[in-house]
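Okay, here's what each chain looks like letter by letter:
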Amino acid sequence: MSALDSPETRTRNLLHVLDVDDLDGARTTEDVFVGVSERQPRGRVFGGQVLAQSIIAAMRTVEDVRPIHSLHGYFLRPGDSEKPITYGIERLRDGRSFSARRAHAYQNGLPILSMIASFQTEDEGLDHQEEMPDVPGPETLPTTADLLAGLDHPMARKWSDDRPFDIRHLDGGVYLRPDPTRPASQAVWMRTHGPMPDDENLNRAALAYATDFTILESILRRHGLAWSTPGVSFASLDHAMWWHRPVRVDEWLLYVQNSPSASGARGLGIGRIFTRDGALVATVAQEGMVRVPAGTGD
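Residues numbered from 1 in each chain as written. Predicted model: local features only at pLDDT ≥ 70, side-chain atom pairs only at ≥ 80, totals over all residues. Heavy atoms only, no water.

Q: Would you mind showing me how to read the packing of helix H2 (residues 47-59) against helix H5 (residues 200-211) here?
A: For any two helices packed against each other, the geometry comes down to the angle between their axes and how far apart the axes lie. Where H2 meets H5, the closest approach of the two axes is 7 Å, and the angle between their N-to-C directions is 160°. For the element pair H2 / H5, the angle class is roughly antiparallel. Between H2 and H5 lies a crossing whose hand is right-handed. Across from Gly48, Gln49, Leu51, Ala52, Ile55, Ile56 and Met59 in H2, the residues of H5 making contact are Asn201, Leu202, Ala205, Ala208 and Tyr209. Split by residue class, the contact of H2 with H5 holds 9 nonpolar, 3 polar and no charged. (Axes fitted to C-alpha atoms, helices over the stretch in contact; angles between N-to-C directions. Helix = DSSP H or I, 4+ residues; strand = E, 2+ residues; numbered from the N terminus. Parallel < 35°, antiparallel > 145°, perpendicular 65-115°, else oblique. Left-handed = near helix turned anticlockwise from the far one by under 90°. Contact = heavy atoms within 4.5 Å. Nonpolar A, V, L, I, M, F, W, Y, C, P; charged D, E, K, R; others polar.)

Q: Is there a simple way to explain the packing of aromatic side chains in this structure?
A: How two aromatic rings sit relative to each other is set out by the distance from centre to centre and by the angle between their planes. Taken as a whole, this structure holds 6 aromatic pairs when the rule is applied. Through a chain of ring-to-ring contacts, the aromatic side chains of Phe46, Phe165, Tyr209 and Phe213 assemble into a single cluster. When the ring centre of Phe213 is taken as origin, the NZ or CZ atom of Arg163, which lies over that ring, is 4.7 Å away. Arg276 extends its terminal NZ or CZ atom over the ring of Trp189, reaching a point 5.7 Å from the ring centre. (Phe/Tyr/Trp six-rings, centres within 6.5 Å; stacked < 30°, edge-to-face > 60°. Lys NZ or Arg CZ within 6 Å of the ring centre and 35° of its normal.)

Q: Which parts of the structure should I look at to understand unusual backbone geometry?
A: Trans is the common state for peptide bonds, and a negative phi is the common state for residues other than glycine. Of note, Arg182 is a non-glycine position whose phi angle comes to about 55°, a positive value. Relative to the elements of secondary structure, Arg182 occurs in the loop between strand S6 (165-169) and strand S7 (185-192). Within the chain, Ala265 stands out as a residue other than glycine whose phi angle is a positive 65°. If you trace the backbone, Ala265 turns up in the loop between strand S9 (253-263) and strand S10 (266-275).

Q: It is not clear to me how the side chain of Ser54 should be interpreted in this structure. Could you clarify?
A: With respect to the helices and strands, Ser54 occurs in helix H2. Looking at Ser54, its side chain comes within polar contact range of the main-chain oxygen of Val50, at 2.8 Å. Setting aside chain neighbours within four positions, we find Ser54 in contact with Tyr87, Ile89, Ala103, Ala105, Leu113 and Met115. (Polar contact = N/O pair within 3.5 Å; in protein donor to acceptor, adjacent residues only side chain to side chain.)

Q: Teacher, can you tell me more about H5 here?
A: Residues spaced three or four apart along an α-helix point in a common direction, a consequence of the helix completing one turn every 3.6 residues. Look at H5: 17 Å from first C-alpha to last across 12 residues, which is about the 16 Å you get at 1.5 Å a residue. Summarising burial for H5: 11 of the 12 residues are buried, a large majority. Within the sequence span of H5, burial applies to Asn201, Leu202, Asn203, Arg204, Ala205, Ala206, Leu207, Ala208, Tyr209, Ala210 and Thr211. Backbone nitrogen of Asn201 and a side-chain oxygen of the N-cap are separated by 3.1 Å at the start of H5; the cap is Asp199. (Expected span 1.5 Å × (residues − 1). Buried < 20%, exposed > 50% of the residue type's maximum accessible area, 1.4 Å probe, protein only.)

Q: Is there a simple way to think about the pairing of S6 in this case?
A: Working note: regular strand, side chains alternate between the two faces of the sheet. Summarising burial for S6: 5 of the 5 residues are buried, a large majority. Because side chains alternate across S6, one face comprises the buried residues Phe165, Ile167 and His169, and the other comprises Asp166 and Arg168, equally buried. Sheet analysis places S6 next to S7, joined by 5 bridges and oriented antiparallel. Across the sheet, the residue bridging to Arg168 is Trp189, located in S7. (Pairing = 2+ DSSP bridges.)

Q: When you look at the sheet that holds S7 in this model, what are you seeing that I'm missing?
A: Hydrogen bonds along the backbone pair up the strands of a sheet, which may run parallel or antiparallel. What the 11 strands build is an open sheet, ordered S1-S3-S4-S5-S2-S8-S11-S10-S9-S7-S6; its pairing is antiparallel. On the outer flanks of this sheet lie strand S1 (31-35) and S6, each paired with one strand and no other. Geometrically, the sheet is characterised by an average inter-axis angle of 25° between neighbouring strands, direction not taken into account. Sheet contacts for H5: strand S2 (68-75), strand S5 (110-120), S6, S7, strand S8 (233-243), S9, S10 and strand S11 (280-291); angle to S8, the most-contacted strand, approximately 150°.

Q: For this particular structure, what's the right way to read the nonpolar core?
A: Grouped burial of nonpolar side chains is what soluble globular proteins tend to show. Core analysis: the biggest nonpolar cluster contains 60 residues, and Leu71, Phe165, Leu207, Trp243 and Ile273 have the highest contact counts within it. Broken down by element, the residue count for this core peaks at 8 residues, all from H2. Counting 8 residues, the second largest nonpolar core, distinct from the first, contains Ala187, Trp189, Leu254 and Phe274. (Core = buried A, V, L, I, M, F, W, Y, C linked by side-chain atoms within 4.5 Å.)

Here it is as structure tokens:
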């Protein structure tokens, strides 16, 4: 295993990307931060990275006792992975229990993401949750590297060798081949390859990063498509997320996903994330642009 492929290196790279620079406290009407981007084969910034960096920048303007509990964001333009991203954080409100922040991510003077996030001091209250499905454990499943072994393609190498999360599909991936059963659902186990710091907000930001990898795959499954299907085009349009309970992303998490609808060249993905012992830690929703050549899928 090369240094690039090692679990420790992948996790260090993730932490480096998430460590946005506050420009020595630069502030206008906003707090200003700058983040670097991961290199991408197609040159476009990974949406999960921009979400996570926006969270980190926003959380650095909020008291540590108030972790993020929700976000609503819109992807406005594709980002260039060869250029840094500037983050402007507006302090919308600091109340007795809640803080609200607006984050804009900029490249070339234009916003590529607009997000509002809310932070809350931990509190007691009502408690219930949806039950976790009974599924096989991650140790029984192939890794992404197993599924893509021997494939010499830039995106395959990126997913196999550089991705900071170990992602294992319960029903096989749809990287190369469609799912013949065509369910509008899927589930994956995921965790970082290496250990993470004991920082709740950092773990929550890293979880947001990971949620963007597979959230729209249920649409592919439902319509008999794969990532490798010629002419298929995807782009994330918006992303909403709610954190319900504490989380560690270096421990196995079950990401249960489904797509309730696709129409008008858009598809909706919904995800629920459980710890291995069954605690529901987060819920995710994302709508994406989905375009396919005429006569492809159904």
